[in-house]
Amino acid sequence: MGEPVKENSTREELTSSGESTYSSSSAEQDSEAAVAGSPNPSPARVSRKQVLEFGAGLCSPQDLQQAEVCALSLKEVNKDVHNAIDQLEVALLVAYEELRTSTGRDQCRLAVETSLFPPLWPLLLDVLRLANICTEKAFSASITASYHKTMAEMGIASNFRIGVSEQQPTPATQPYESAINELRRITKLSVPLEKLECVVEVSRQICAAVEDYFISIGKTRQQASLGCDDLLPILGYCIVHAGVAQLVSECAAMEEFIHEGYLMGEEGYCLTTLQTALSHVSSLAVPH
């Protein structure tokens, strides 16, 4: 297993019918309700304001002053980036008539992002992380406080505690390791759409791990179905063990720069679920 908190650091579609290990019928707005409905929810609901106040208490006065300045600057920076993307897309569509289709526009968007974001993303993320320092401080504290919790203590239902049994209360290997590694990989990419694909892959890897586990203990794939209330605690466990504080800012940046057209269906659901799990993890160390 890795150390807590690193500051920098072909399956079926989730939504396919019948045999998928993932239940896609839940609406996106069910995500937050599922946290409260998990087997071991936190004793009391922690508000966003409480998380920010807790994080602010971990910051120096200089950190807080810098966060305020960066937050103001970020609005103009984001506006400039959106304008640059729009202008580049228009230029490509004017120059290449064959791109004026749905598929062509997708290719155009990806081409612009692939060219624009690799040199820009580290700088954008640095500013966003400075602006988000209160949230990241709370998140880091929660990761550290929760790192040695068992899957039961993290609210994972007993039938999804991979490698745990009465005879073996502690798993021999890291459960959900592929999903944990995929979360870490998000921070190594520089293109928002590629990061979004990685977010989807995290949920797929969780589903694949559950499916493989159920088959290994003699159960069927149909019995391995995951609902939102099952997925969220597992995601929270994976987030804690990924130990990457900047995930909070990474997801905020993805939401800012990924066009809303790409956040429909599976991709949007997976990003929303990840953000809900991140918010829940951020609250774990906050005094109730």
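Note that this is a predicted model, so its numbers are computed, not measured.

### Looking at the overall build of the chain
Tallying secondary structure elements over the chain gives 10 helices and 0 strands in all. Along the chain direction, N to C, the helices and strands of the chain fall in the order α-α-α-α-α-α-α-α-α-α. Relative to its 288 residues, the chain shows a buried fraction of 44%.

### Comments concerning the environment of S47
On the secondary structure map, S47 appears in the loop between α1 (30-36) and α2 (48-56). S47 sits 232 residues away from S279 along the chain, and the two C-alpha atoms are 9.5 Å apart.

### Section: the packing of helix α7 (residues 192-216) against helix α9 (residues 247-257)
Two elements in contact, α7 and α9, have axes whose closest approach is 10 Å; the angle formed by their N-to-C orientations is 120°. On the basis of the axis angle, α7 is oblique to α9. Crossing geometry of α7 relative to α9 is assigned as left-handed. For the pair α7 and α9, the contacting residues are P192, K195, L196 and V199 in the first and E250, M254 and F257 in the second. Tallied by class, the residues present in the contact of α7 with α9 amount to 5 nonpolar, no polar and 2 charged.

### Things to note about the packing of aromatic side chains
As enumerated under the stated definition, the model contains 5 aromatic pairs in all. Aromatic side chains F117 and F257 sit 5.6 Å apart centroid to centroid with 65° between the ring planes, which places their arrangement in the edge-to-face category. Residue F117 is found in helix α4 (residues 102-131), and its partner F257 is found in helix α9; the two are separated by 140 residues along the sequence. You'll find F117 and F257 in the same group, each marked buried. Between Y213 and F214, the aromatic rings sit 6.1 Å apart at their centres with planes inclined by 75°, giving edge-to-face as the arrangement. Of the two residues, Y213 and F214, neither departs from the other in class, the shared state being buried. Among the aromatic residues, those joined into a cluster by ring pairs are F117, W121 and F257.

### Considerations on the nonpolar core
F160, Y176, L183 and I206 are the most contacted members of the largest nonpolar core, which has 53 residues in total. When contributions to this core are tallied by element, the ones reaching two or more residues are α5 (133-146), α6 (177-186), α7, α8 (228-242), α9 and α10 (265-282). Examining the composition of this core, we find that 11 residues originate from one element, α7, more than from any other. Residues in contact with L183, not counting those within four places in the same chain, are V202, C238, I239, A242, L247 and L274.

### Here we look at helix α3 (residues 61-95)
Under the 1.5 Å per step criterion, the end-to-end length of α3 is 51 Å for 35 residues, consistent within 8% with the ideal 51 Å. Remark: the principal bend of α3, roughly 30°, maps to L74. Of the residues making up α3, those classed as buried are A67, C70, L74, N78, V81, I85, E89 and L93. Buried-residue contacts for α3 involve α4, α5 and α9.

### So, the confidence of the model for the chain
Confidence in the prediction of the chain, expressed as mean pLDDT, is 84, and 84% of residues score 70 or more. When mean pLDDT is taken per element in the chain, α6 scores highest with 96 and α1 scores lowest with 45. Contacts for the low-pLDDT stretch residues 6-43, under 50 throughout, to residues beyond four places or in other chains number 84 contacts.

### A short note on unusual backbone geometry
The backbone of Y176 sits at a positive phi, close to 60°, despite the residue not being glycine. Topologically, Y176 is positioned in the loop between α5 and α6.

Rules and cut-offs
Residues numbered from 1 in each chain as written. Predicted model: local features only at pLDDT ≥ 70, side-chain atom pairs only at ≥ 80, totals over all residues. Heavy atoms only, no water. Helix = DSSP H or I, 4+ residues; strand = E, 2+ residues; numbered from the N terminus. Buried < 20%, exposed > 50% of the residue type's maximum accessible area, 1.4 Å probe, protein only. Axes fitted to C-alpha atoms, helices over the stretch in contact; angles between N-to-C directions. Parallel < 35°, antiparallel > 145°, perpendicular 65-115°, else oblique. Left-handed = near helix turned anticlockwise from the far one by under 90°. Contact = heavy atoms within 4.5 Å. Nonpolar A, V, L, I, M, F, W, Y, C, P; charged D, E, K, R; others polar. Phe/Tyr/Trp six-rings, centres within 6.5 Å; stacked < 30°, edge-to-face > 60°. Core = buried A, V, L, I, M, F, W, Y, C linked by side-chain atoms within 4.5 Å. Expected span 1.5 Å × (residues − 1). Bend = angle between axes of the 7 residues up to and from the residue. pLDDT = per-residue confidence, 0-100.

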